[in-house]
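Observations on chain architecture
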Amino acid sequence: MTAPTVRLTDLRFAWPGQAPLLAIDRFELAQKERLFLRGPSGSGKSTLLGLIAGVLDGGQGEIRVMDEDIGQMSGSGRDQVRADHLGVIFQMFNLVPYLSVVQNVILPCRFSKRRLRQVQENGGAEVEAKRLLERIGLDDEALQARNVTELSVGQQQRVAAARALIGGPSLVIADEPTSALDSDARDRFIELLSEEASQTGAALLFVSHDSSLAPLFDRAVDLAEINGAAG
Amino acid sequence: MGVSIFGLAWRSLMNRKVSAFLTIFAIALSVALFLGVEKARNAAKSGFDNTISGTELIVGAPSGQINLLLYSVFRLGNATAEISWGAYEELNARDDVAWTVPISLGDSHRGYRVLGTNLGYFDHYKYGQGQSLLLAEGQEFDDLFDAVLGADVAKSLGYELDTPIVITHGLGARGFSDHDDRPFRVVGILRPTGTPVDQTIHISLEAMTAIHVGWETGTRNPLADGITEEMVRSFDLTPKTVTAAFVGLKNRATILRTRRAINTQMSQPLLAIIPGQALAELWQVMGTAERVLLAISAFVIAVGLVSILTSILTSLNERRREMSILRATGARPLHIFTLLVAEAAVLGFIGAILGAVLIQAIFAIAAPILSAQYGVALIGTGPGLVDLYTIGVVTIAAFILGIWPALTALRRSLADGLTVKL
């Protein structure tokens, strides 16, 4: 039995001077699992993602990512785990405006030696970036050369997905990545993301307020149900 | 691999071209101003030191060494007393003296000083690195009523060869006490020298005496109106006094001994000065103003550097998103910090280089014009160590200033986490 990608035990979190926001006794995300986490806005899901991604500090309890207790780690230790093992997709504005499509995709390889090694085994960062872009339907050379701000929102989200997946991360966190997309683009995006995540062997933590998406995943969890501090 | 942090900084700046360009422009202008002041200051000092050369001593009636220098070389102010012709001859006859050039000042023409001298002036008076006075047109004075003009005089008054000119007694306005009974003729125009020679009208000592026949009391004596030019020409026109004399020595090594001898052992009390020494003392007086100018231009650079801060700090709000993307893709706080500090340093560096290039371009355009129009040679304004130092200091200062916005961005990106609350 291998360790789960994410395991939270007795997690407690409150912003300074505020009521407790998160109280999760037990939460697990198995390796390669595709999990749908439902939660309305304001339910603390962004905070939860921040804690799992290791950019927020101050949670009590145990936060294990890739079997490492990042809650006990220093800031730079968490940065290392994030750089090496995590891919993140935001709701929108995912891309660095002054970098090209390909440069945006290979950005994580700039910050993680592990992911750089991984792509070098597959023929180098640019080759891997183009391969990923091709897989998610952005194989047009002219499109890849374009300024990222000229891309449609759907295209931007797919570039972000390629970036999250490059270098074989263990976990992809997607925070409402489809809320700016129409339903056709949304379903196609989720399909592509799921497919690519299983291809690269990454677990997927997909967060949304839209319960109708739940059937597209292996498992669905309602944040309100596992969060004792809710209400 | 991919894009380095400096590459990111550069691309980020290019993404904000207008703001980055304006900041670089502000830095470039301030650096150009500073280097311009610094170089012009040095050029002015060199030009000033080069006003007179080849003359070992200047001898006049006892006053002060700056006073004597001002009126004899710069044509500023007046001699309080003159030296008698006898004393001048005694000086000229000294064994250690190779040559002397007497000068007589006091009259003017339309605001330009008139200098009475002899032909030795054109041989011995030197400026710059020993350059002689050269005629642009015509010849040296020959006849009694011939005049040789400095370049500025001819240019600004529009005089050519053969233009008749009337000299005014003293330095007052024209018309009131003109020597209009004895007009002069322009026979020569000198090339520009960038020294007070350009603003001088040269006539012979004898002519200086001749126009003052009948003026012995200081104003025109009506009884003298009957004296014709022929009669004047027949007089003994040896001057009774001269204002000062330029002196060349046979052996430069005796300069201090000769000066002491002239100051103490002559039949009439005289003052001998060493031009270089007096120039240095005079420059000390003017040096304060020059240092103030330099200080002001250094402050202008500080203002330029603050514009880097302003532009980066104001960009931080709209770039919170960019920072959190970088953080999410694995950038560490040090990367964010380096990115912003690098941006500041890049702005400072490019601005400083452009500023140094700009001032060279300005000098390259201005030098021929200054030289042709005013005879001012810009000495030592080319690229030098001072440019390198300035570029280095500005870049380092920008780098250090960049720490402030870098820390701000860092603090924010840590607080923002993955989601930016805009």
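Residues numbered from 1 in each chain as written. Chains lettered and ligands numbered in written order. Predicted model: local features only at pLDDT ≥ 70, side-chain atom pairs only at ≥ 80, totals over all residues. Heavy atoms only, no water.

When its secondary structure is counted, chain B shows 14 helices and 14 strands. For 422 residues, the compact-globule estimate of 2.2 N^0.38 gives 22 Å, and the C-alpha radius of gyration of chain B, at 32 Å, exceeds that figure by more than 25%. Its C-alpha atoms give chain B principal-axis dimensions of roughly 105 × 45 × 35 Å. A burial count over chain B gives 51% of its 422 residues as buried. If you sum the accessible surface of chain B, you get close to 19,100 Å²; carbon and sulfur atoms cover 63% of it. Distance between charge centres in chain B, computed from 33 positive and 35 negative side chains, equals 21 Å. (Helix = DSSP H or I, 4+ residues; strand = E, 2+ residues; numbered from the N terminus. Rg over C-alpha atoms; globule rule 2.2 N^0.38 Å. Buried < 20%, exposed > 50% of the residue type's maximum accessible area, 1.4 Å probe, protein only. Areas by Shrake-Rupley, 256 points an atom, 1.4 Å probe, with all protein chains shown as cover. Lys, Arg positive; Asp, Glu negative; His and termini not counted. Charge placed at Lys NZ, Arg CZ, Asp CG, Glu CD.)

Next up on the list: the environment of arginine 191 of chain B. Residues and elements named next belong to chain B. Along the chain, arginine 191 falls in the loop between strand E10 (184-190) and strand E11 (200-204). The sequence separation of arginine 191 and glycine 128 amounts to 63 residues, and the corresponding C-alpha distance is 14 Å. Non-local contacts of arginine 191, meaning those with residues more than four positions away in its chain, are made with Leu134, Leu135, Ala136, Ala151 and Asp198. (Contact = heavy atoms within 4.5 Å.)

Take the domain arrangement of chain B next. What the domain assignment reports for chain B is domain 1 (5-48 + 287-416) and domain 2 (57-273). Taking only C-alpha atoms into account, the centre of domain 1 of chain B sits 52 Å from that of domain 2 of chain B. (Domains from an automatic or database assignment.)

Any two packed helices are characterised by the angle at which their axes cross and by the distance between the axes. All names here are of chain B. Between helix H3 (residues 65-72) and helix H10 (residues 275-318), the shortest axis-to-axis distance is 9 Å and the interhelical angle comes to 100°. The orientation of H3 with respect to H10, classified from their angle, is roughly perpendicular. Packed against H3, whose contacting residues are Gln65, Ile66, Leu69 and Leu70, the element H10 presents Pro275, Gln277, Ala278, Leu279, Glu281 and Leu282 at the interface. A class-by-class count of the residues in the contact of H3 with H10 yields seven nonpolar, two polar and one charged. (Axes fitted to C-alpha atoms, helices over the stretch in contact; angles between N-to-C directions. Parallel < 35°, antiparallel > 145°, perpendicular 65-115°, else oblique. Nonpolar A, V, L, I, M, F, W, Y, C, P; charged D, E, K, R; others polar.)

This paragraph deals with the sheet that holds strand E2 (residues 22-29) of chain A. Residue and element names in this part refer to chain A. Read across the sheet, four strands follow the order E2-E1-E4-E5 without closing on themselves; strand pairing throughout is antiparallel. Either end of the sheet is taken by a strand with one partner, and the two such strands are E2 and strand E5 (68-69). In this structure, strand E1 (residues 6-13) lies alongside E2, joined through seven bridges in antiparallel fashion. Paired with threonine 9 across the bridge in E2 is arginine 26. Sitting on the sheet, helix H1 (residues 45-53) touches E1, E2 and strand E4 (60-65), and the angle it makes with E1 is about 120°. (Pairing = 2+ DSSP bridges.)

Here aspartate 10 of chain A, not a glycine, exhibits a phi torsion of approximately 50°, which is positive. With respect to the element layout, aspartate 10 of chain A can be found in strand E1. Although it is not a glycine, aspartate 162 of chain B sits at a positive phi angle of roughly 75°. The topology assignment puts aspartate 162 of chain B in the loop between helix H6 (151-157) and strand E9 (164-165).

Between chain B and chain A, the residue contacts involve 28 residues of the former and 31 residues of the latter. Interface of chain B and chain A: buried area, both sides summed, is about 2,600 Å²; carbon and sulfur atoms make up 65% of it. Taken together, the links from chain B to chain A amount to one salt bridge. Between aspartate 79 of chain A and arginine 327 of chain B there is a salt bridge whose closest N-O contact spans 3.2 Å. The tally of links between chain B and chain A comes to four residue pairs in polar contact (both at pLDDT 80 or more). Secondary structure elements with two or more residues in the side of chain B that touches chain A: helix H1 (5-15), helix H11 (320-328), helix H12 (333-374) and helix H14 (403-416) of chain B. In the side of chain B that touches chain A, the residues fall into 13 nonpolar, ten polar and five charged. (Buried area = accessible area lost by both parts, 1.4 Å probe. Salt bridge = Lys/Arg side-chain N within 4 Å of Asp/Glu carboxyl O. Polar contact = N/O pair within 3.5 Å; in protein donor to acceptor, adjacent residues only side chain to side chain.)

All names here are of chain B. Counting across every chain of the model gives eleven aromatic pairs over all chains. Seen from their ring centres, tryptophan 85 and tyrosine 88 are 4.9 Å apart, and the 40° between their planes marks the pair as tilted. Remark: tyrosine 88 and tryptophan 85 occur in helix H4 (residues 85-92); sequence separation between them is three residues, near one turn of the helix. Of the two residues, tryptophan 85 and tyrosine 88, neither departs from the other in class, the shared state being buried. (Phe/Tyr/Trp six-rings, centres within 6.5 Å; stacked < 30°, edge-to-face > 60°.)

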